[in-house]
Amino acid sequence: MDKSVLRNKAVPALLAFLRIVIGWHFLYEGLIKVLDPNWSARSFLEGSRWIFGDLFRLMAGNDTVLQAVDIANGFGLTLVGLALISGLFTRLASWAGITMLLLYYLAYPPFAGFSYGAAAEGNYLIVNKTFIELVCLLLLAFTRSGEFFGLDRLVYADDRQKEKESENEYAAEPAIINKRRELLKGAEQACEPRLPFVRVYGSFREYWEKASFRAGQMFFADPRAGGAHLACSDRQR
């Protein structure tokens, strides 16, 4: 992302706000599942209808797998929510949240011709709330949103200092190059009077190029003009 955009005071605040809001959603969803001993993802997996429906229903039919899914789902949502709210390891948390949301989306895609029994909240086609939240997490994953009012600012402080020093070195390089060019040009001008053969060589080369050009004009005379006029124009002479 362009640094000039990130320097805008509103952008870091909005990114931090978006991160915290999504984090709260994940955290609350996770805590409800963890604290409820009767909660299970069985009904959710059994209701899947798309190309991965058979796989999800197979997972729901195995008690051991279902228990692992319940634990991973509940605690995964909770940990991702805590990480996003605190701004700690935000990119890792964002990609973990993207993975979970993608699985939710593939289990219940809002495509035409699919009905999932339970009444859906609103009407969707391709894009639903899960997909929108997934896109928002993609934005957070590709920005340094955790460094805006987050703990990532402390975790990656050394890396940012190194990047700043590297940028300062690159910024100083053009000035050094220009200074070297000026020194070389000054040295050339200072040495030219002491080396007269440089001027002699230049004059001889200029005379030779002009003579070669005129000889070429005479050789390639226009035969239709009886040799009186050359094929070259007056400008070329």
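Calculation rules
Once a new chain begins, its residue numbering starts again from 1 and follows that chain's sequence as written. For a predicted model such as this one, the threshold for reporting local features is a pLDDT of at least 70, and the threshold for listing and counting side-chain atom pairs is 80 or more; totals across whole chains, interfaces and linings nevertheless cover every residue. Hydrogens are left out, water is left out, and the side-chain values use all remaining heavy atoms of the structure. Only runs of H or I of at least four residues qualify as helices and only runs of E of at least two qualify as strands under DSSP, and these elements are numbered from the N terminus. With a 1.4 Å probe rolled over the protein chains alone, any residue whose accessible area is under 20% of its type maximum counts as buried; one over 50% counts as exposed, and the rest are partly exposed. The contact criterion used throughout is that any non-hydrogen atoms of two residues lie within 4.5 Å. Accessibility throughout is a Shrake-Rupley quantity obtained with a 1.4 Å probe, and a residue counts as covered only by protein chains that appear here. Charged residues are defined narrowly, with Lys and Arg counted positive, Asp and Glu counted negative, and His plus the chain ends left uncounted. Salt bridges, as used here, are contacts in which a Lys or Arg side-chain nitrogen is within 4 Å of a carboxyl oxygen on Asp or Glu. By the criterion applied in these results, polar contacts are pairs of N or O atoms within 3.5 Å in which, for protein atoms, one can donate a hydrogen and the other can accept it, and in which residues neighboring in sequence qualify only through two side-chain atoms. In this analysis, rings of Phe, Tyr and Trp, with Trp reduced to its six-membered ring, are considered paired at centre separations within 6.5 Å, and the interplanar angle assigns stacked below 30 degrees, edge-to-face beyond 60, and tilted for intermediate values. Buried Ala, Val, Leu, Ile, Met, Phe, Trp, Tyr and Cys residues form a nonpolar core when they are joined through side-chain atoms within 4.5 Å. Only residues whose relative accessible area exceeds 30% and that form no salt bridge enter a patch; like-charged residues are grouped when within 9 Å of one another, and nonpolar side chains (Val, Leu, Ile, Met, Phe, Trp, Tyr) when within 5 Å. The length a helix should cover is 1.5 Å for every residue beyond the first. Angular values range over 0 to 180 degrees, each being the angle between N-to-C directions of two axes fitted as lines to C-alpha atoms, with helices fitted over their stretch in contact. An angle below 35 degrees is treated as roughly parallel, one above 145 as roughly antiparallel, one from 65 to 115 as roughly perpendicular, and anything else as oblique. Here a crossing is called left-handed whenever its near helix is offset anticlockwise from the far helix by less than a right angle, and right-handed whenever the offset is clockwise. Throughout, the ten residues Ala, Val, Leu, Ile, Met, Phe, Trp, Tyr, Cys and Pro are labelled nonpolar, Asp, Glu, Lys and Arg are labelled charged, and all others, Gly among them, are labelled polar.

**A closer look at the overall build of the chain**
- Helix and strand content of the chain: 10 helices and 0 strands.
- Each helix and strand of the chain, ordered N terminal to C terminal, gives the series α-α-α-α-α-α-α-α-α-α.
- The buried share of the chain, reckoned over its 237 residues, is 24%.
- When contacts within the chain are restricted to residue pairs at least 6 apart in sequence, those whose partners lie at least 24 apart make up 67%.
- Split by element, the accessible area of the chain, about 17,300 Å² in all, is 63% carbon and sulfur.

**Let's talk about the side chain of Arg19**
- Residue placement: Arg19 occurs in helix H2 (residues 10–35).
- No salt bridge is formed by the buried Arg19; the nearest opposite charge belongs to Asp152, separated by 7.0 Å.
- There is a polar contact of 3.2 Å between the side chain of Arg19 and the backbone oxygen of Phe149.
- Once residues within four sequence positions are removed from consideration, Arg19 is found in contact with Leu84, Ile85, Ser86, Gly87, Thr90, Leu140, Ser145, Gly146, Phe148, Phe149 and Gly150.

**Side note on the packing of aromatic side chains**
- The tally for this structure, following the rule as stated, stands at 8 aromatic pairs.
- Look at Trp50 and Phe111: their rings are 5.1 Å apart centre to centre, the planes differ by 80 degrees, and that puts the pair in the edge-to-face class. Of this pair, Trp50 sits in the loop between helix H3 (42–46) and helix H4 (53–61) while Phe111 sits in the loop between helix H6 (90–107) and helix H7 (129–141), and the two are 61 residues apart along the sequence.
- Residue classification places Phe111 among the partly exposed positions, given a relative accessible area of 24%.
- The rings of Trp50, Phe52, Tyr105, Phe111 and Phe131 are connected pair by pair, giving a single aromatic cluster.

**Considerations on the nonpolar core**
- By size, the foremost hydrophobic cluster in this structure holds 18 residues, and its most contacted members are Ile22, Phe26, Leu84 and Leu137.
- Elements represented by at least two residues in this core include exactly H2, helix H5 (63–86), H6 and H7.
- Top element by residues in this core is H2. It accounts for 5 residues.
- With 6 residues, the next largest nonpolar core counts Ala41, Leu45, Ala60 and Leu66 among its residues.

**Let's talk about a nonpolar patch on the surface**
- The grouping of Leu31, Val34, Leu35, Ile71, Phe75, Leu79 and Leu82 at the surface amounts to a nonpolar patch, some 660 Å² of accessible area in total.
- When contributions to the nonpolar patch are tallied by element, the ones reaching two or more residues are H2 and H5.
- Ranked by residue count, the leading element in the nonpolar patch is H5, at 4 residues.
- With respect to the helices and strands, Val34 occurs in helix H2.
- The exposure class of Val34 is partly exposed, given its relative accessible area of 32%.

**What about H2?**
- Over its 26 residues, H2 extends 37 Å from the first C-alpha to the last, a length consistent with the 38 Å expected when each residue adds 1.5 Å.
- Listed as buried for H2 are Val11, Pro12, Leu15, Ala16, Arg19, Ile22, Gly23, Phe26, Leu27, Gly30 and Lys33.

**What to know about the packing of H2 against H5**
- It is at 7 Å that the axes of H2 and H5 come closest, and there the two elements cross at 150 degrees. In terms of orientation, H2 and H5 fall into the roughly antiparallel class. Handedness of the crossing formed by H2 with H5: left-handed. Where H2 abuts H5, its residues Arg19, Ile20, Ile22, Gly23, Trp24, Phe26, Leu27, Glu29, Gly30, Leu31, Lys33 and Val34 lie against Asn73, Gly74, Phe75, Leu77, Thr78, Val80, Gly81, Leu82, Leu84, Ile85 and Ser86.
- Grouping the constituent residues of the contact of H2 with H5 by class yields 13 nonpolar, 7 polar and 3 charged.

**Points about the pattern of salt bridges**
- Following the criterion strictly, the structure yields 3 salt bridges and no others.
- Two residues, Arg42 and Asp63, come together in a salt bridge whose shortest N-O distance is 3.3 Å. With Arg42 in helix H3 and Asp63 in helix H5, this residue pair connects regions lying 21 residues apart in the sequence.
- The partner of Arg57 in a salt bridge is Asp54, with the nearest N and O atoms 2.5 Å apart. Taken as a pair, Arg57 and Asp54 lie in helix H4 at a separation of 3 residues, close to a single helical turn.
- Residue class for Asp54 comes out exposed when judged on its relative accessible area of 56%.

**A look at the side chain of Ser145**
- As for its position among the elements, Ser145 is in the loop between H7 and helix H8 (152–155).
- On the basis of relative accessible area, Ser145 is assigned to the buried category, the value being 0%.

Interpretation in functional terms is not warranted from these geometric data alone.
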